[in-house]
Amino acid sequence: MIEIIPATDIIEGACVRLTQGDYASQKTYYRDPLEAAKRFEDVGIKRLHMVDLDGAKAAEPRNLAVLERVATKTTLEVQYGGGIKSGEALRSVFNAGAQRAICGSVAVRQPELFAQWLTEFGPERLILGADIRDGVVAIQGWLEHSTLSAPELIEQFLSQGLSQVICTDISRDGMLCGPSAAFYAELQQHFPAVEITVSGGISSMSDIEELDRQQLRSVIVGKAIYEGRITLKELEQCLRNA
């Protein structure tokens with residue numbers, strides 16, 4: 001069964017969601033992200049996707065205290081992204097308790113540095129973030145565009161053992177309109193040794209079931225949970241049946 005990874009996006013220490021990456025669309029769901037994390041843990045979730053949106057804009061992690069609280073007060077494996085642009089920032093994220101770090105902008109702007117990190121820290125701890133808008137990778141908190149497609153970005157790091165990619169369809173993120181299942185399935189088939197994590201547009205359990213049928217391995221779910229389109233009870237039942 002495909003692994004379901006709930007998302008917690010953090011602004012000023014609170015758990016929020018945006019629509020299509022627009023900071024002006026911010027909606028707060030939990031003042032304390034630890035409350036959300038514990039609810040996920042209680043139904044059997046193993047991994048949490050945490051994005052430091054303040055850090056993405058500031059180009060350095062800004063919510064490490066939230067990461068540390070969740071990492072120390074739950075058993076969840078946290079994957080953390082947002083503002084990781086230097087070795088110092090990467091180490092601070094790991095030191096605060098993240099099991100995996102997500103890097104997007106640095107992989108586009110400084111590919112040799114990201115390649116070095118893959119060698120130094122291991123591909124099991126580093127996730128490439130490929131956030132796509134209009135067919136190309138967006139960076140800097142989705143505020144800027146590159147000229148690279150997702151396959152072109154992924155291809156650059158295969159020789160360093162890249163094994164994990166989160167691909168977010170920004171046009172669908174927070175829209176509850178369903179994911180681009182065919183796109184992700186094709187990407188996964190093109191890179192069979194890489195775990196392609198689906199992100200963006202999940203609206204229901206049927207979306208997740210379709211991705212599972214397409215043999216995707218993991219999916220990030222955000223607004224659908226917070227808006228009650230997918231309930232914690234449904235998540236629990238799904239995990240029990242896995």
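What counts and how
- Residues numbered from 1 in each chain as written.
- Predicted model: local features only at pLDDT ≥ 70, side-chain atom pairs only at ≥ 80, totals over all residues.
- Heavy atoms only, no water.
- Helix = DSSP H or I, 4+ residues; strand = E, 2+ residues; numbered from the N terminus.
- Rg over C-alpha atoms; globule rule 2.2 N^0.38 Å.
- Buried < 20%, exposed > 50% of the residue type's maximum accessible area, 1.4 Å probe, protein only.
- Contact = heavy atoms within 4.5 Å.
- Areas by Shrake-Rupley, 256 points an atom, 1.4 Å probe, with all protein chains shown as cover.
- Lys, Arg positive; Asp, Glu negative; His and termini not counted.
- Charge placed at Lys NZ, Arg CZ, Asp CG, Glu CD.
- Disulfide = S-S within 2.5 Å.
- Phe/Tyr/Trp six-rings, centres within 6.5 Å; stacked < 30°, edge-to-face > 60°.
- Lys NZ or Arg CZ within 6 Å of the ring centre and 35° of its normal.
- Axes fitted to C-alpha atoms, helices over the stretch in contact; angles between N-to-C directions.
- Parallel < 35°, antiparallel > 145°, perpendicular 65-115°, else oblique.
- Left-handed = near helix turned anticlockwise from the far one by under 90°.
- Pairing = 2+ DSSP bridges.

Novice: Where do I start with the overall build of the protein chain in this structure?
Specialist: Tallying secondary structure elements over the protein chain gives 11 helices and 12 strands in all. Computed over C-alpha atoms, the radius of gyration of the protein chain comes to 16 Å, within 12% of the 18 Å expected from 2.2 N^0.38 for 242 residues, which places it in the range of a compact globule. Dimensions of the protein chain, computed from C-alpha atoms along their principal axes, come out at roughly 45 × 40 × 35 Å. Across the 242 residues that make up the protein chain, the buried fraction comes to 57%. Taking the intrachain contacts of the protein chain between residues at least 6 apart in sequence as the baseline, contacts between residues at least 24 apart amount to 65%. Just so you have it, the protein chain exposes about 10,300 Å², and 45% of that area is on carbon and sulfur atoms. Of note, the protein chain has its 24 positive side-chain charges centred 5 Å away from the centre of its 33 negative side-chain charges.

Novice: In this structure, what is going on with the state of the cysteines? I would like to understand it.
Specialist: Disulfides are covalent bonds that link the sulfur atoms of two cysteine residues. The full count for this structure, using the stated rule, is 0 disulfides. Here cysteine 177 is not cross-linked by a disulfide; its sulfur's nearest cysteine counterpart is in cysteine 167, at 14 Å. On the accessibility criterion, cysteine 177 (45% relative accessible area) is partly exposed.

Novice: What exactly am I supposed to notice about the packing of aromatic side chains here?
Specialist: Two aromatic rings are characterised by how far apart their centres lie and by the angle between their planes. In this structure the tally under the stated criterion is 6 aromatic pairs. Measuring from ring centre to ring centre gives 6.2 Å for phenylalanine 40 and tyrosine 226, while their planes differ by 70 degrees; the resulting arrangement is edge-to-face. Pair noted here: phenylalanine 40 is in helix 1 (residues 33-42) and tyrosine 226 is in helix 10 (residues 223-226), with a separation of 186 residues, a long-range link. Comparing phenylalanine 40 with tyrosine 226 shows no difference in burial state: the two are buried. Residues phenylalanine 114 and phenylalanine 157 carry aromatic rings whose centres are separated by 4.9 Å and whose planes lie at 85 degrees to one another, so their mutual orientation is edge-to-face. Here phenylalanine 157 lies in the loop between helix 7 (150-155) and strand 10 (164-169) and phenylalanine 114 lies in helix 6 (residues 111-121), a separation of 43 residues in the sequence. For the pair phenylalanine 114 and phenylalanine 157, one class covers both residues: buried. In textbook terms, an aromatic cluster arises when at least three aromatic residues are bridged by ring pairs, as seen for Tyr29, Tyr30, Phe40 and Tyr226. The cationic tip of lysine 57 hangs over the ring face of tyrosine 23; the distance from NZ or CZ to the ring centre is 4.5 Å. Above the ring of phenylalanine 94, the side-chain terminus of arginine 125 is found at 3.9 Å from the ring centroid.

Novice: Looking at this model, I keep getting lost on the packing of helix 1 against helix 3 (residues 64-73). Mind explaining?
Specialist: Think of two packed helices as two axes; the pair is described by the angle between the axes and how far apart they sit. The geometry of helix 1 relative to helix 3 is characterised by a closest axis approach of 10 Å and an angle of 30 degrees between their N-to-C directions. Judged on the interaxial angle alone, helix 3 and helix 1 are roughly parallel. Note on packing geometry: the crossing formed by helix 1 with helix 3 is right-handed. Along the contact surface, helix 1 presents Pro33, Leu34, Ala37 and Lys38, while helix 3 presents Val66, Arg69, Val70 and Lys73.

Novice: Quick question: what am I supposed to make of the pairing of strand 12 (residues 218-221) here?
Specialist: Residues Ser218 and Ile220 of strand 12 are buried on one face, and the alternating residues Val219 and Val221, pointing to the opposite face, are buried as well. Pairing of strand 1 (residues 3-11) with strand 12, which is carried by 4 bridges, proceeds in the parallel orientation. Across the sheet, residue isoleucine 4 finds its bridge partner in strand 12, namely valine 219.

Novice: Mind showing me how you'd approach the environment of glycine 55 here?
Specialist: Structurally, glycine 55 is set in helix 2 (residues 53-58). Ignoring any residue separated from it by four or fewer positions in sequence, one finds glycine 55 in contact with Glu60, Pro61, Arg62, Gly82 and Gly83.

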